[in-house]
Amino acid sequence: MLTSATTQQTLLSIRNLTVSFAGHQAVKDISLDVRKGEIMGIVGESGSGKSVTSLALMRLIQSPGLISAGSLLYQVDPEKPPVNLPDLSESEMRKWRGNEIAMIFQEPMTALNPLHTCGAQVMEVLRLHKKVSASEAREQTLALFRQVRLPDPEKILHRYPHQLSGGQKQRVMIAMAISCQPRLLIADEPTTALDVTVQKTILALLKELQQQTGMSVVFITHDLGVIAEIADRVAVMYKGQIVEQGSVQEIFTHPQHPYTKGLLACRPPLDKRLYRLPVTHDFMEVDTAGQIQEKGQAVQSLVQSLEIPAEKIILREQYIAQQPPLLEVKDLHTWFPASRNIFGKVLSWTKAVNGVSFTVKEGETMGLVGESGCGKTTLGRTLLRLTPPTGGSILYKGKDLCQLPASEMRDLRKELQIIFQDPYSSLNPRLTVGQAILEPLQVHGLYANDRQRKEKVQELLDKVNLLPEHYYRYPHEFSGGQRQRIVIARALALQPSFIICDESVAALDVSIQAQVLNLLMRLREEFGFTYIFISHDLSVVRFISDRMIVMNKGRIEEAGLADQVYEHPQSAYTKQLISSIPKNIYA
């Protein structure tokens, strides 16, 4: 939904802002106005400087970082000169935070104190800034919880952060941020870690609160699709600089900068299938001097040139239908004890996977989509016997994995691989990247010696577009997208026939996500892998999958050809997932 700003009066004027960390400029000479009553979007990939900009506005830059140049002029009273925020002392700035300027952080679990109840944390803000009594703070907190539509505010008041879902935690953070009626709200990637359905409700809530209170919002994200849903104007950041800014309509219909074009094009389109997703490299190159060289490519013409003709889609469907089944799942159950009596007897169960049956053909990509808690990750882990099943059968090439002894299962594991959601936690920080990929080759006794294994590892690094010298580096030296490529290379090392991708692109910027999805597609064509691709994002699942399963509360809600499920959903739950996907509006 596109909106117009309610007024042209400027609330915050950023002029020539530079933020440096030990001599390195993370934000370089940016200028931007935030008008009263508008939602200003700032978009860019990780490392572009957008979050550093938000921290500078709150004066939360930690040493060795500092605001090395520029001004942040905040207009409190039109009759008086604006206040330059960097000139305020720390004690003065502390009074501004929460009262005039508030912030919603990206990860509510780390922003909320795990030792205090959610109610206590909001009440603390009210008592600190508004000087109200404990009973008044409690009543105002309950009113705020109702305002942000938290279910059963009385119970939430006494719950700890870990007892709430991701969306509920984010609502608590929003309640805390608006508790003192700030005139400027900074939302730093507030929906990035959320399911698309929860994301949609949070965006609608922020928009509604902004219209009710008339506050200005600076909304930071890496996804232009989200910006289209909520913002009035947008600034695009790249490597610490604002490369383009304007109204959302202008940016989406007439993008000028090649980086903006790349961000617009890299989300999977909702109305067509592509051979691959466009990436920023299609629109620009960066030369050795660090200067951007534009390629003059238009978004729409590139997308059209990559579209797969309908007859090729049909041929692919027919080819897959003729293949023998690689995996057959029959009435699979995975239950966890929910409560026990004092003697240890299970009184109730959490039925994470509850009577699931499906078949995956050789060479097929089966998409598995659903919200957090629907059972899709548990199902993926159960298929590989990483989580023991409660009942049912898993036939892989005719063998029932549920009945295999541990020694046979260990031998079979080289054929069955998984790519986890968080590559950093699945890589040993004490091993170099080369050692991490080499280790499974040693465990399974592949190749004659370590020299041959090292050659294979370097070949795999090349396959996933990494360099030979990366062999000797450690995981912390890589970006999120590079780490995901490393775990893909490790999964490929044993030449598997079946790979489960568990939310493998969920934590990545949309521009990096497009590169990883393209890599997975290319590897499937080259090696003939069979994938199960797990995600909460139906547009991503549709792009990569031949067929799709929609899961809800441990059961299969709907299944069929990916295009069929997307274009003609039968279930109300599937329709809700589809309606929650941010819509690209580029012309």
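Bear in mind the structure is a predicted one, so any value in this text is a computation, not a measurement. (Residues numbered from 1 in each chain as written. Predicted model: local features only at pLDDT ≥ 70, side-chain atom pairs only at ≥ 80, totals over all residues. Heavy atoms only, no water.)

Asker: How should I be thinking about the overall build of the chain in this particular structure?
Answerer: What the chain contains, in helices and strands, is 22 helices and 22 strands. Taken over the C-alpha trace, the chain has a radius of gyration of 26 Å; the compact-globule value for 587 residues is 25 Å, and the two agree within 12%. The dimensions of the chain, computed from C-alpha atoms along their principal axes, are 80 × 65 × 50 Å. Burial analysis of the chain (587 residues in total) assigns 53% to the buried set. Across the chain, the fraction of contacts at a sequence separation of at least 24, relative to all contacts at a separation of at least 6, is 69%. Surface exposure of the chain reaches about 25600 Å², of which carbon and sulfur atoms provide 50%. Taken together, the 64 basic and 61 acidic charged side chains of the chain have centroids lying 5 Å from each other. (Helix = DSSP H or I, 4+ residues; strand = E, 2+ residues; numbered from the N terminus. Rg over C-alpha atoms; globule rule 2.2 N^0.38 Å. Buried < 20%, exposed > 50% of the residue type's maximum accessible area, 1.4 Å probe, protein only. Contact = heavy atoms within 4.5 Å. Areas by Shrake-Rupley, 256 points an atom, 1.4 Å probe, with all protein chains shown as cover. Lys, Arg positive; Asp, Glu negative; His and termini not counted. Charge placed at Lys NZ, Arg CZ, Asp CG, Glu CD.)

Asker: I would appreciate a short explanation of the nonpolar core in the present structure.
Answerer: Most often, soluble globular proteins keep nonpolar side chains buried together rather than apart. Ile 437, Ile 488, Leu 520 and Phe 533 are the most contacted members of the largest nonpolar core, which has 63 residues in total. By residue number, the principal contributor to this core is helix α19 (residues 510-527), which donates eight residues. Shared between two domains, this core takes at least three residues from each, and those domains are domain 3 (255-308) and domain 4 (311-340 + 347-580). Grouped together as the second largest cluster of nonpolar side chains are 55 residues, Val 172, Leu 209, Tyr 259 and Leu 263 included. (Core = buried A, V, L, I, M, F, W, Y, C linked by side-chain atoms within 4.5 Å. Domains from an automatic or database assignment.)

Asker: Can you walk me through the sheet that holds strand β4 (residues 65-74) in this structure?
Answerer: Strand-to-strand pairing in sheets goes through backbone hydrogen bonds, with the strands running parallel or antiparallel. With antiparallel pairing, four strands are arranged side by side in an open sheet as β2-β1-β4-β5. Each of the sheet's edge strands pairs with one partner strand only, and the pair in question is β2 (24-35) and β5 (83-84). Of the strands in this sheet, β1 (10-21), β2 and β4 touch helix α1 (residues 50-57), which is tilted by about 115° from β1. (Pairing = 2+ DSSP bridges. Axes fitted to C-alpha atoms, helices over the stretch in contact; angles between N-to-C directions.)

Asker: I keep staring at the domain arrangement of the chain and nothing clicks. Help me out?
Answerer: By a widespread convention, an interface's size corresponds to the accessible area lost as its parts come together. In terms of domain boundaries, the chain breaks down into domain 1 (9-100 + 183-254), domain 2 (113-181), domain 3 (255-308) and domain 4 (311-340 + 347-580). For the pair domain 3 and domain 4, the two sides together bury roughly 1500 Å², of which 58% comes from carbon and sulfur. On the surface where domain 3 and domain 4 come into contact, there are two salt bridges. In this structure, Arg 267 and Asp 537 form a salt bridge, with 3.5 Å as the shortest nitrogen-oxygen distance. Between the two partners, domain 3 and domain 4, sit eight residue pairs in polar contact (both at pLDDT 80 or more). Here the residues of the side of domain 3 that touches domain 4 are counted per class, giving eleven nonpolar, one polar and five charged. (Buried area = accessible area lost by both parts, 1.4 Å probe. Salt bridge = Lys/Arg side-chain N within 4 Å of Asp/Glu carboxyl O. Polar contact = N/O pair within 3.5 Å; in protein donor to acceptor, adjacent residues only side chain to side chain. Nonpolar A, V, L, I, M, F, W, Y, C, P; charged D, E, K, R; others polar.)

Asker: How should I be thinking about the sheet that holds strand β7 (residues 184-188) in this particular structure?
Answerer: Taken in spatial order, the six strands line up as β6-β7-β8-β3-β9-β10 in an open sheet, and their pairing is mixed. Since the sheet does not close on itself, it has two edges, and those belong to β6 (101-104) and β10 (241-247), each with one partner. Between one strand axis and the next, the sheet turns by 15° as a mean value, whatever way the strands run. With four bridges joining them, strand β3 (residues 39-43) and strand β9 (residues 233-238) adopt parallel strand pairing. Considered in β9, the bridge of Val 43 is made with Val 236. Strand contacts of helix α7 (residues 166-178): β6 and β7, with the helix running at about 175° to β6, the strand carrying the most contacts. Strand contacts of helix α11 (residues 258-265): β3, β9 and β10, with the helix running at about 105° to β9, the strand carrying the most contacts.

Asker: What am I meant to see in the pairing of β2 here?
Answerer: Where a strand is regular, its side chains alternate between the two sheet faces. Strand direction decides the pairing type here: β1 and β2, joined by eight bridges, are antiparallel. Note that in β2 the partner of Ser 13 across the bridge is Asp 33. Connecting β1 to the next strand, β2, in antiparallel fashion are two residues, including Ala 22 with a positive phi near 50°.

Asker: How should unusual backbone geometry be read in this particular structure?
Answerer: Each neighbour pair has its own omega, and for Ser 63 with Pro 64 the value is 15°, a cis peptide bond. You can see Pro 64 is positioned in the loop between α1 and β4. The phi torsion at Gln 495 lies on the positive side, around 55°, for a residue other than glycine. For Gln 495, the location among the structural elements is in the loop between α18 (480-492) and β19 (498-502). Using a relative accessible area of 53% as the deciding quantity, one classes Gln 495 as exposed.

Asker: Would you mind showing me how to read the environment of Glu 415 here?
Answerer: The residue Glu 415 is located in the loop between α15 (406-412) and β18 (416-419) in this model. Distance in space between the C-alpha atoms of Glu 415 and Ala 491 is 9.6 Å, their sequence separation being 76 residues. In terms of polar contacts, Glu 415 uses its side chain to reach the side chain of Lys 397, at 3.0 Å.

Asker: For this particular structure, what's the right way to read the packing of aromatic side chains?
Answerer: Two aromatic rings are characterised by how far apart their centres lie and by the angle between their planes. Per the stated rule, a full pass over the model turns up six aromatic pairs. Arranged with centres 6.1 Å apart and planes meeting at 55°, the rings of Trp 335 and Trp 349 form a pair that is tilted. Residue Trp 335 is located in strand β13 (residues 325-340), and its partner Trp 349 is located in strand β14 (residues 346-361); the two are separated by 14 residues in the primary sequence. A residue is classified by how much of its surface remains accessible, and Trp 335, at 25% relative accessible area, is partly exposed. (Phe/Tyr/Trp six-rings, centres within 6.5 Å; stacked < 30°, edge-to-face > 60°.)

Asker: Please explain the environment of Ser 479 as it appears in this structure.
Answerer: With respect to the helices and strands, Ser 479 occurs in the loop between α17 (450-463) and α18. On the basis of relative accessibility, which here comes to 38%, the residue Ser 479 falls in the partly exposed class. Measuring from C-alpha to C-alpha, the distance between Ser 479 and Thr 530 comes to 27 Å, with 51 residues separating the pair along the chain.

Asker: Is there a simple way to think about the pattern of salt bridges in this case?
Answerer: If the charged atoms of two oppositely charged side chains come close together, the side chains can form a pair. Following the criterion strictly, the structure yields 30 salt bridges and no others. The partner of Glu 364 in a salt bridge is Arg 547, and the shortest N-O contact between them spans 2.5 Å. Residue Glu 364 is located in the loop between β14 and β15 (365-369), and its partner Arg 547 is located in strand β21 (residues 547-552); the two are separated by 183 residues in the primary sequence. Taking the shortest distance from any N to any O, the salt bridge between Lys 456 and Glu 459 comes out at 3.6 Å. Placement of both Lys 456 and Glu 459 in helix α17 is noted, with a separation of three residues, approximately one turn of the helix. Residue Glu 459 is classed as partly exposed on the basis of its relative accessible area of 41%. Taken together, the shared-partner salt bridges in this structure form one network comprising Arg 273, Arg 542, Asp 563 and Glu 567.

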